[in-house]
Each structure stands twice: as structure tokens, then as C-alpha cells.
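# A look at the structure
Take a look at the letters that make up each chain.
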Amino acid sequence: MKTGRFWAWLTFAVGAAYFFIPLIATFEFSLRMRRGEYSFDAYRVVFGDPRFHETFGYSVVVACFTILLGVLLVVPTAYWIRLRMPHIRPVVEFITLLPLIIPAIVIVFGYIRMYGSSSPLPFLATRRGTDLLLIIGYATLALPYMYRAVDTGLRTIDVRTLTEAAQILGAGWTTIIARIILPNVLIAVLSGAFLTFAIVIGEFTMASLLNRPAFGPYLQNIGANRAYEPAALAVIAFAITWGCMAVIQLLSRFAPKSANNPSH
């Protein structure tokens, strides 16, 4: 028993060291911009850079629209599959995993080929059209995480009983999804939303090839031309990602327990 506990703690310590030592080193290096002493000059330069505010603000707006699109697409789909077509769940789950298999660069080149300025649907000829394609692309990349978060939330409620009760009271499908199903899986939706936000903030390939002023290309550009600012940006990006993960963990505490759990 003691031997097993020792190896468990040793494995945890090795994993923690593997993760935290590079991060601590990066943070320490980001403080060395002023020769001979530690300072937060690199962070002041980053936060004072107009491009930082422009690109980060752009990515936040795109992330919000991506989350909205993901919710509108995934919640009704997952609900309908669980209610009416549970036999096709394996097929849908396989489809939602495809973004993990297909590289983002393949999706972008497909966009360029299909929606370029010489195509019948020249979305890429305008900024708004390009933004729309970028949002759709991000929603595709986040689909595996959003779908599984919502599907897990639906498992915790009795979808059929809630639907039948709402129909008896005269509710339509839109009312059922918006006022009954969505509030009951809101914690799961928020978890998928924060994962989507983290993906959009750090994504580089799509935004770069579509030539959009997003945060990911800004990170790469700063990394190629500066010394201390990239380390500061890396720490900031980690902080944003960890913040999203912490919120997900906090929200999971308020999630309803599974209806199939015999202890409830």
C-alpha cells in the first residue's frame, strides 16, 4: 500500500515538474527585460501595444460569435438525437470527432478553393465574408468539445419526461429547447463555451491564412521579432486558458447529478 502511494506521488511530482518548470522559467525570463533586475517592463510593453488590444479584442468578438453558432447548432442537434434518434448517436459522435483528425490547414485551403474571389460564392472577397468563414471554421474546430459537453449535460436530465410535460402544457419545440432544455444544461453549455473561447484565442492557422487580425497570428509575429515580450504573451495566454479551465471546474460543481445515478 505504501509502495503504491509512493509511486503515485512520484508520478504526480514528475508530471507537475514537467509542466511547471518550463512555465516558471518562461515567467522568470519575461521579467529580465531590464538588465540586472527583475521588472514587468515586458508586460507593460505588451499591454501598451495597440495591436495587442486590436487583435485580442477581435478574437474575443469572434469567440463570442463562434460560441453562439456552436450553441445554436449543437444544443438542438444533441437534444433531438437523444430524444428521437438515439440509434444514430455513434455516427454523430464520429462526425464530431473529424475536426480532431482533419488539420485546420486542410479546412482553410478548402475555403480558399471554394469561396475565393473567382468562385460563385466569393466570401473571401470581403472582410465580413472572411470573418463569417473564420467563425464557421472555429465552430468546426470546437465541435468535438461543445458536442460532448452538451451531450454529457443532457445525460443528467430526463429529456423525454421534460419534453412530454412541456408538450402537454402546449409548448412548441422552440419553447421547449430555449426555456426548458437549455436552462437545464446551461452549466454544460458554459463549459463547452469556455473551451471554445480558449481554442479561438490561441488558434493560428486559420486566422493567418485568411489574413485576419486575430490574437494567434499576433503571438507568432511578436515571437518572431521580439525577445522578452513573447515570454510575457505566453504567460498571459496560459493565464487565459487556465482561467477558462478554472471557471469550467467551478461550474461543474453546480452541475446537476446524473438522473441515472442510483444514489440519487
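Reading the values: the criteria
Residues numbered from 1 in each chain as written. Predicted model: local features only at pLDDT ≥ 70, side-chain atom pairs only at ≥ 80, totals over all residues. Heavy atoms only, no water. Core = buried A, V, L, I, M, F, W, Y, C linked by side-chain atoms within 4.5 Å. Buried < 20%, exposed > 50% of the residue type's maximum accessible area, 1.4 Å probe, protein only. Helix = DSSP H or I, 4+ residues; strand = E, 2+ residues; numbered from the N terminus. Expected span 1.5 Å × (residues − 1). Bend = angle between axes of the 7 residues up to and from the residue. Polar contact = N/O pair within 3.5 Å; in protein donor to acceptor, adjacent residues only side chain to side chain. Phe/Tyr/Trp six-rings, centres within 6.5 Å; stacked < 30°, edge-to-face > 60°. Contact = heavy atoms within 4.5 Å. pLDDT = per-residue confidence, 0-100.

In this structure, Y79, Y138, V150, L154, F197, M206 and L233 are the most contacted members of the largest nonpolar core, which totals 57 residues. When residues of this core are assigned to their parent elements, the largest contribution, 12 residues, is made by helix 3 (residues 50-83).

Now for helix 6 (residues 127-155). A rise of 1.5 Å per residue sets the reference length of helix 6, with its 29 residues, at 42 Å; its end C-alpha atoms lie 40 Å apart and thus fit the reference within 8%. At A142, helix 6 shows its largest bend, some 55°, and a proline, P144, comes one to four positions later. The N-cap residue of helix 6 is T126: its side-chain oxygen and the backbone nitrogen of G129 are 3.1 Å apart.

Moving on, we get to the packing of aromatic side chains. Counting across every chain of the model gives 19 aromatic pairs. For the ring pair F40 and Y43, a centre distance of 5.7 Å and an interplane angle of 55° mean the geometry is tilted.

Another point: the environment of G153. With respect to the helices, strands and loops of the structure, G153 is situated in helix 6. In sequence terms G153 and S191 are 38 residues apart; their C-alpha atoms lie 9.9 Å from each other. Contacts of G153, omitting those with residues within four sequence positions, involve V185 and A188.

Before going further, it helps to spend a moment on the confidence of the model for the chain. Within the chain, residue pLDDT values average 86, and 94% of them lie at 70 or more. Helix 3 holds the highest mean pLDDT among the elements of the chain, 93, whereas helix 12 (residues 229-252) holds the lowest, 81. Predicted confidence is poor over residues 258-264, with pLDDT under 50, and the contacts of this stretch with residues over four places away or in other chains come to 7 contacts.

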